[in-house]
Amino acid sequence: MTRSVRIGVQLQPQHAPEYGLIRDAVLRSEDAGVDVVFNWDHFYPLSGDPDGAHFECWTMLGAIAEQTERVEIGALVTGGGYRNPDLLADMARTVDHISDGRLILGIGAGWFEKDYDEYGYEFGTPGTRLALLKENLARLSARLKKLNPQPTREIPILIGGGGEKKTLRLVAEYAHMWHTFADLDSLAHKNKVLADHCAAVGTDESRIERSVQWPGVEKASALVEAGVSLFTVGVSGPEYNLSEVERAIRWRDEVNPARPA
(Lines give C-alpha, C1' and ligand atoms only; values in the text may rest on other atoms or scores of the structure.)
Protein backbone atom coordinates (compact mmCIF):
# COMPACT_ATOMS: atom_id res chain seq x y z
CA MET A 1 0.00 0.00 0.00
CA THR A 2 1.68 3.19 -1.18
CA ARG A 3 -0.78 5.61 0.41
CA SER A 4 -2.31 5.64 3.85
CA VAL A 5 -6.01 4.94 3.85
CA ARG A 6 -8.18 8.00 4.42
CA ILE A 7 -11.83 8.34 5.40
CA GLY A 8 -14.10 11.08 4.16
CA VAL A 9 -17.67 11.95 5.00
CA GLN A 10 -20.10 13.43 2.50
CA LEU A 11 -22.53 15.59 4.47
CA GLN A 12 -25.34 15.67 1.94
CA PRO A 13 -26.98 19.09 2.30
CA GLN A 14 -30.51 17.73 2.00
CA HIS A 15 -33.40 17.54 4.48
CA ALA A 16 -31.74 19.89 6.96
CA PRO A 17 -34.27 22.67 7.58
CA GLU A 18 -31.66 24.69 9.51
CA TYR A 19 -28.03 25.20 8.52
CA GLY A 20 -27.07 24.68 12.16
CA LEU A 21 -27.69 20.96 11.70
CA ILE A 22 -25.00 20.86 9.02
CA ARG A 23 -22.65 23.03 11.07
CA ASP A 24 -23.00 20.59 13.96
CA ALA A 25 -22.38 17.60 11.68
CA VAL A 26 -19.18 19.23 10.38
CA LEU A 27 -17.97 19.75 13.94
CA ARG A 28 -18.79 16.18 14.94
CA SER A 29 -17.08 14.82 11.81
CA GLU A 30 -13.82 16.66 12.44
CA ASP A 31 -13.89 15.68 16.11
CA ALA A 32 -14.49 12.04 15.14
CA GLY A 33 -11.27 12.04 13.10
CA VAL A 34 -12.32 12.08 9.46
CA ASP A 35 -9.72 13.13 6.92
CA VAL A 36 -12.04 14.91 4.46
CA VAL A 37 -15.44 16.61 4.75
CA PHE A 38 -17.30 16.71 1.44
CA ASN A 39 -20.70 18.05 0.51
CA TRP A 40 -22.32 17.77 -2.94
CA ASP A 41 -23.32 20.20 -5.66
CA HIS A 42 -27.04 19.78 -6.23
CA PHE A 43 -29.98 22.13 -5.80
CA TYR A 44 -32.60 19.58 -4.77
CA PRO A 45 -32.56 16.40 -2.67
CA LEU A 46 -31.54 13.20 -4.42
CA SER A 47 -33.55 10.98 -2.06
CA GLY A 48 -36.63 11.40 0.07
CA ASP A 49 -38.90 14.36 -0.59
CA PRO A 50 -37.69 15.72 -3.97
CA ASP A 51 -38.68 19.24 -2.90
CA GLY A 52 -37.31 18.96 0.62
CA ALA A 53 -34.93 21.35 2.36
CA HIS A 54 -31.59 21.85 0.59
CA PHE A 55 -28.60 24.23 0.72
CA GLU A 56 -26.10 25.37 -1.92
CA CYS A 57 -22.64 23.85 -2.20
CA TRP A 58 -19.95 26.51 -2.59
CA THR A 59 -21.25 29.12 -0.16
CA MET A 60 -21.35 26.26 2.35
CA LEU A 61 -17.71 25.35 1.61
CA GLY A 62 -16.65 28.87 2.60
CA ALA A 63 -18.41 28.42 5.94
CA ILE A 64 -16.91 24.95 6.45
CA ALA A 65 -13.47 26.37 5.69
CA GLU A 66 -13.83 28.87 8.55
CA GLN A 67 -15.32 26.34 10.93
CA THR A 68 -12.71 23.60 10.58
CA GLU A 69 -9.00 23.45 11.36
CA ARG A 70 -7.62 20.10 10.19
CA VAL A 71 -9.76 18.31 7.61
CA GLU A 72 -9.58 18.77 3.88
CA ILE A 73 -12.86 19.98 2.38
CA GLY A 74 -14.54 19.93 -0.99
CA ALA A 75 -17.52 19.04 -3.17
CA LEU A 76 -18.07 15.46 -4.23
CA VAL A 77 -18.49 16.79 -6.86
CA THR A 78 -19.10 20.22 -8.38
CA GLY A 79 -21.49 20.16 -11.34
CA GLY A 80 -19.35 21.09 -14.33
CA GLY A 81 -22.09 23.04 -16.08
CA TYR A 82 -23.37 25.18 -13.20
CA ARG A 83 -20.70 27.91 -13.05
CA ASN A 84 -18.42 29.84 -15.35
CA PRO A 85 -15.11 27.96 -14.97
CA ASP A 86 -13.04 31.13 -14.54
CA LEU A 87 -15.35 32.17 -11.71
CA LEU A 88 -15.17 28.67 -10.24
CA ALA A 89 -11.37 28.88 -10.23
CA ASP A 90 -11.59 32.18 -8.34
CA MET A 91 -14.07 30.71 -5.87
CA ALA A 92 -11.82 27.71 -5.32
CA ARG A 93 -8.75 29.91 -4.80
CA THR A 94 -10.68 31.97 -2.26
CA VAL A 95 -11.86 28.92 -0.29
CA ASP A 96 -8.30 27.56 -0.51
CA HIS A 97 -7.06 30.68 1.26
CA ILE A 98 -9.89 30.72 3.81
CA SER A 99 -9.03 27.12 4.72
CA ASP A 100 -5.24 27.65 4.74
CA GLY A 101 -4.76 25.19 1.89
CA ARG A 102 -7.26 22.43 2.64
CA LEU A 103 -9.54 22.59 -0.41
CA ILE A 104 -10.03 19.71 -2.84
CA LEU A 105 -11.61 20.89 -6.09
CA GLY A 106 -14.01 18.10 -7.03
CA ILE A 107 -15.73 18.36 -10.41
CA GLY A 108 -17.73 16.18 -12.78
CA ALA A 109 -19.84 16.43 -15.92
CA GLY A 110 -23.18 16.60 -14.07
CA TRP A 111 -26.14 14.25 -14.44
CA PHE A 112 -29.19 15.32 -12.39
CA GLU A 113 -31.61 16.75 -14.93
CA LYS A 114 -33.83 18.54 -12.41
CA ASP A 115 -30.92 20.76 -11.36
CA TYR A 116 -30.47 21.90 -14.94
CA ASP A 117 -34.13 22.36 -15.78
CA GLU A 118 -35.11 24.23 -12.63
CA TYR A 119 -32.10 26.58 -12.67
CA GLY A 120 -32.11 27.29 -16.39
CA TYR A 121 -29.03 25.37 -17.52
CA GLU A 122 -29.00 23.38 -20.75
CA PHE A 123 -29.02 19.68 -19.87
CA GLY A 124 -27.88 18.46 -23.27
CA THR A 125 -26.53 14.93 -23.61
CA PRO A 126 -23.80 12.97 -21.83
CA GLY A 127 -21.55 13.81 -24.77
CA THR A 128 -22.18 17.57 -24.66
CA ARG A 129 -21.76 17.62 -20.87
CA LEU A 130 -18.43 15.83 -21.14
CA ALA A 131 -17.30 18.20 -23.90
CA LEU A 132 -18.17 21.12 -21.63
CA LEU A 133 -16.26 19.52 -18.75
CA LYS A 134 -13.20 19.21 -20.96
CA GLU A 135 -13.43 22.88 -21.95
CA ASN A 136 -14.07 23.93 -18.35
CA LEU A 137 -11.06 22.02 -16.98
CA ALA A 138 -8.77 23.76 -19.44
CA ARG A 139 -10.16 27.19 -18.56
CA LEU A 140 -10.18 26.48 -14.84
CA SER A 141 -6.54 25.33 -14.88
CA ALA A 142 -5.48 28.37 -16.89
CA ARG A 143 -7.31 30.80 -14.58
CA LEU A 144 -5.78 29.28 -11.45
CA LYS A 145 -2.35 30.19 -12.84
CA LYS A 146 -3.36 33.83 -13.38
CA LEU A 147 -5.00 34.66 -10.06
CA ASN A 148 -3.45 37.14 -7.65
CA PRO A 149 -2.81 36.07 -4.99
CA GLN A 150 -2.06 32.56 -6.13
CA PRO A 151 -3.59 29.57 -4.30
CA THR A 152 -1.69 28.52 -1.20
CA ARG A 153 -0.83 25.19 -2.89
CA GLU A 154 -1.52 23.36 -6.12
CA ILE A 155 -5.19 22.73 -5.43
CA PRO A 156 -5.89 19.01 -5.87
CA ILE A 157 -8.43 18.41 -8.63
CA LEU A 158 -10.74 15.45 -8.09
CA ILE A 159 -12.70 14.26 -11.11
CA GLY A 160 -15.74 12.07 -10.57
CA GLY A 161 -16.89 9.55 -13.17
CA GLY A 162 -15.96 6.33 -14.86
CA GLY A 163 -16.31 6.74 -18.61
CA GLU A 164 -13.31 5.04 -20.16
CA LYS A 165 -12.84 7.00 -23.38
CA LYS A 166 -13.47 10.57 -22.23
CA THR A 167 -13.69 10.90 -18.45
CA LEU A 168 -10.62 8.82 -17.68
CA ARG A 169 -8.69 10.75 -20.33
CA LEU A 170 -9.55 13.95 -18.46
CA VAL A 171 -8.48 12.31 -15.20
CA ALA A 172 -5.12 11.53 -16.78
CA GLU A 173 -4.73 15.09 -18.07
CA TYR A 174 -5.94 17.11 -15.09
CA ALA A 175 -6.68 15.16 -11.93
CA HIS A 176 -4.82 14.47 -8.71
CA MET A 177 -7.73 12.31 -7.49
CA TRP A 178 -10.26 10.10 -9.24
CA HIS A 179 -13.62 9.19 -7.67
CA THR A 180 -15.39 6.23 -9.22
CA PHE A 181 -18.43 4.09 -8.50
CA ALA A 182 -16.72 1.05 -10.05
CA ASP A 183 -16.96 -2.15 -8.06
CA LEU A 184 -14.00 -4.40 -7.36
CA ASP A 185 -14.51 -6.46 -10.50
CA SER A 186 -14.39 -3.46 -12.84
CA LEU A 187 -11.87 -1.34 -10.94
CA ALA A 188 -8.86 -3.33 -12.14
CA HIS A 189 -9.95 -2.89 -15.74
CA LYS A 190 -10.57 0.84 -15.32
CA ASN A 191 -7.19 1.21 -13.59
CA LYS A 192 -5.58 -0.30 -16.68
CA VAL A 193 -7.50 2.07 -18.95
CA LEU A 194 -6.42 5.02 -16.81
CA ALA A 195 -2.81 3.83 -16.88
CA ASP A 196 -2.94 3.75 -20.67
CA HIS A 197 -4.32 7.30 -20.80
CA CYS A 198 -1.64 8.47 -18.38
CA ALA A 199 1.08 6.94 -20.55
CA ALA A 200 -0.39 8.65 -23.61
CA VAL A 201 -0.34 12.12 -22.03
CA GLY A 202 2.85 11.71 -20.00
CA THR A 203 1.25 11.71 -16.55
CA ASP A 204 2.68 9.77 -13.61
CA GLU A 205 -0.20 7.43 -12.86
CA SER A 206 0.90 6.98 -9.25
CA ARG A 207 0.10 10.62 -8.45
CA ILE A 208 -3.65 10.00 -8.91
CA GLU A 209 -5.39 8.95 -5.71
CA ARG A 210 -8.29 6.48 -6.12
CA SER A 211 -11.49 7.31 -4.29
CA VAL A 212 -14.76 5.37 -3.86
CA GLN A 213 -17.84 5.39 -1.69
CA TRP A 214 -17.45 3.43 1.55
CA PRO A 215 -18.49 -0.21 0.87
CA GLY A 216 -18.45 -1.41 4.47
CA VAL A 217 -15.69 -3.05 6.48
CA GLU A 218 -16.17 -6.44 4.80
CA LYS A 219 -15.35 -5.15 1.30
CA ALA A 220 -12.97 -2.26 1.96
CA SER A 221 -9.70 -4.18 2.30
CA ALA A 222 -10.05 -5.76 -1.13
CA LEU A 223 -10.50 -2.31 -2.65
CA VAL A 224 -7.35 -1.12 -0.90
CA GLU A 225 -5.51 -3.98 -2.56
CA ALA A 226 -6.91 -2.71 -5.88
CA GLY A 227 -5.43 0.74 -5.25
CA VAL A 228 -8.15 2.68 -3.41
CA SER A 229 -7.01 4.88 -0.54
CA LEU A 230 -9.94 7.29 0.03
CA PHE A 231 -13.32 5.99 1.18
CA THR A 232 -16.24 8.35 1.73
CA VAL A 233 -19.33 7.64 3.80
CA GLY A 234 -22.46 9.49 2.72
CA VAL A 235 -24.84 10.76 5.41
CA SER A 236 -27.99 12.80 5.06
CA GLY A 237 -29.98 15.24 7.14
CA PRO A 238 -31.61 16.01 9.35
CA GLU A 239 -29.90 13.59 11.77
CA TYR A 240 -26.46 13.22 10.12
CA ASN A 241 -25.87 9.93 11.89
CA LEU A 242 -22.10 9.31 11.98
CA SER A 243 -22.11 5.77 13.35
CA GLU A 244 -20.92 4.24 10.06
CA VAL A 245 -18.30 6.99 9.74
CA GLU A 246 -16.95 6.03 13.15
CA ARG A 247 -16.79 2.36 12.11
CA ALA A 248 -14.85 3.36 9.01
CA ILE A 249 -12.43 5.42 11.08
CA ARG A 250 -11.76 2.52 13.45
CA TRP A 251 -11.07 0.27 10.45
CA ARG A 252 -8.74 2.92 8.95
CA ASP A 253 -6.74 3.08 12.15
CA GLU A 254 -6.37 -0.70 12.14
CA VAL A 255 -5.15 -1.04 8.54
CA ASN A 256 -2.87 1.97 8.23
CA PRO A 257 0.84 1.40 8.81
CA ALA A 258 1.96 2.35 12.28
CA ARG A 259 3.67 5.72 12.35
CA PRO A 260 7.03 6.08 14.10
CA ALA A 261 6.73 7.51 17.60
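Figured I'd write up the structure that's included with this text. (Residues numbered from 1 in each chain as written. Predicted model: local features only at pLDDT ≥ 70, side-chain atom pairs only at ≥ 80, totals over all residues. Heavy atoms only, no water.)

### Describing the overall build of the protein chain
Of the regular secondary structure elements, the protein chain holds 9 helices and 9 strands. A globule of 261 residues ought to have a C-alpha radius of gyration of about 18 Å, and the protein chain, at 18 Å, matches this closely. Along the three orthogonal principal directions, the C-alpha set of the protein chain runs to about 45 × 45 × 40 Å. Within the span of the protein chain, comprising 261 residues, buried residues form 52% of the whole. Contacts spanning at least 24 positions in sequence make up 72% of the contacts within the protein chain whose residues lie at least 6 apart. One way to put it: in the protein chain the 28 positive side-chain charges average out to a point 6 Å from where the 38 negative ones average out. (Helix = DSSP H or I, 4+ residues; strand = E, 2+ residues; numbered from the N terminus. Rg over C-alpha atoms; globule rule 2.2 N^0.38 Å. Buried < 20%, exposed > 50% of the residue type's maximum accessible area, 1.4 Å probe, protein only. Contact = heavy atoms within 4.5 Å. Lys, Arg positive; Asp, Glu negative; His and termini not counted. Charge placed at Lys NZ, Arg CZ, Asp CG, Glu CD.)

### Let's talk about the environment of Leu88
The topology assignment puts Leu88 in helix α3 (residues 85-98). Taking relative accessible area as the criterion, Leu88 reaches 4% and is therefore assigned buried. For the pair Leu88 and Thr78, spaced 10 residues apart in the sequence, the C-alpha separation amounts to 9.5 Å. The residues contacting Leu88, other than those within four sequence positions of it, are Trp58, Thr78, Arg83, Ile107 and Leu140.

### Comments concerning unusual backbone geometry
Glycine aside, residues mostly have negative phi angles, and peptide bonds mostly take the trans form. The residue after Leu76, namely Val77, is reached through a cis peptide bond having omega -5°. Looking at where Val77 falls in the secondary structure, it is placed in the loop between β3 (72-75) and β4 (78-79). Note that the residue after Asn148, namely Pro149, is joined by a cis bond; omega there is 5°. Mapped onto the elements, Pro149 comes out in the loop between α5 (126-146) and β6 (157-160). Positioned with a positive phi, Asp100 is a non-glycine residue whose angle comes to about 60°. Within the secondary structure layout, Asp100 lies in the loop between α3 and β5 (103-108). You will see that Tyr240, though not glycine, has its phi angle at about 50°, which is positive. Along the chain, the position of Tyr240 falls in the loop between β9 (228-236) and α9 (243-255). Overall, Tyr240 belongs to the buried group, its relative accessible area being 0%.

### Focus on the side chain of His176
As for its placement among the helices and strands, His176 is situated in the loop between α6 (167-174) and β7 (177-179). Only 3.1 Å separates the side chain of His176 from the side chain of Glu154, close enough to count as a polar contact. Aside from chain neighbours lying at most four places away, what touches His176 is Glu154, Ile155, Pro156, Ile157, Arg207, Ile208 and Glu209. (Polar contact = N/O pair within 3.5 Å; in protein donor to acceptor, adjacent residues only side chain to side chain.)

### Digging into the side chain of Ser29
With respect to the secondary-structure elements, Ser29 resides in helix α1 (residues 19-32). With residues near it in sequence (within four places) discarded, Ser29 still touches Val9, Leu11, Val34, Val37 and Leu242.

### Some details on α1
Between its first and last C-alpha atoms α1 spans 20 Å; for 14 residues at 1.5 Å apiece the expected length is 20 Å, and the two agree. Here α1 has its buried residues at Tyr19, Ile22, Ala25, Val26, Ser29 and Glu30. Considered in projection along α1, the buried side chains sweep an arc of 130° and stay on one side of the axis. At its buried positions, α1 is contacted by β1 (6-12), β2 (36-39) and α2 (57-67). Immediately downstream of α1, the backbone of Gly33 shows phi near 110°, a positive value. (Expected span 1.5 Å × (residues − 1). Arc of directions from axis to C-beta.)

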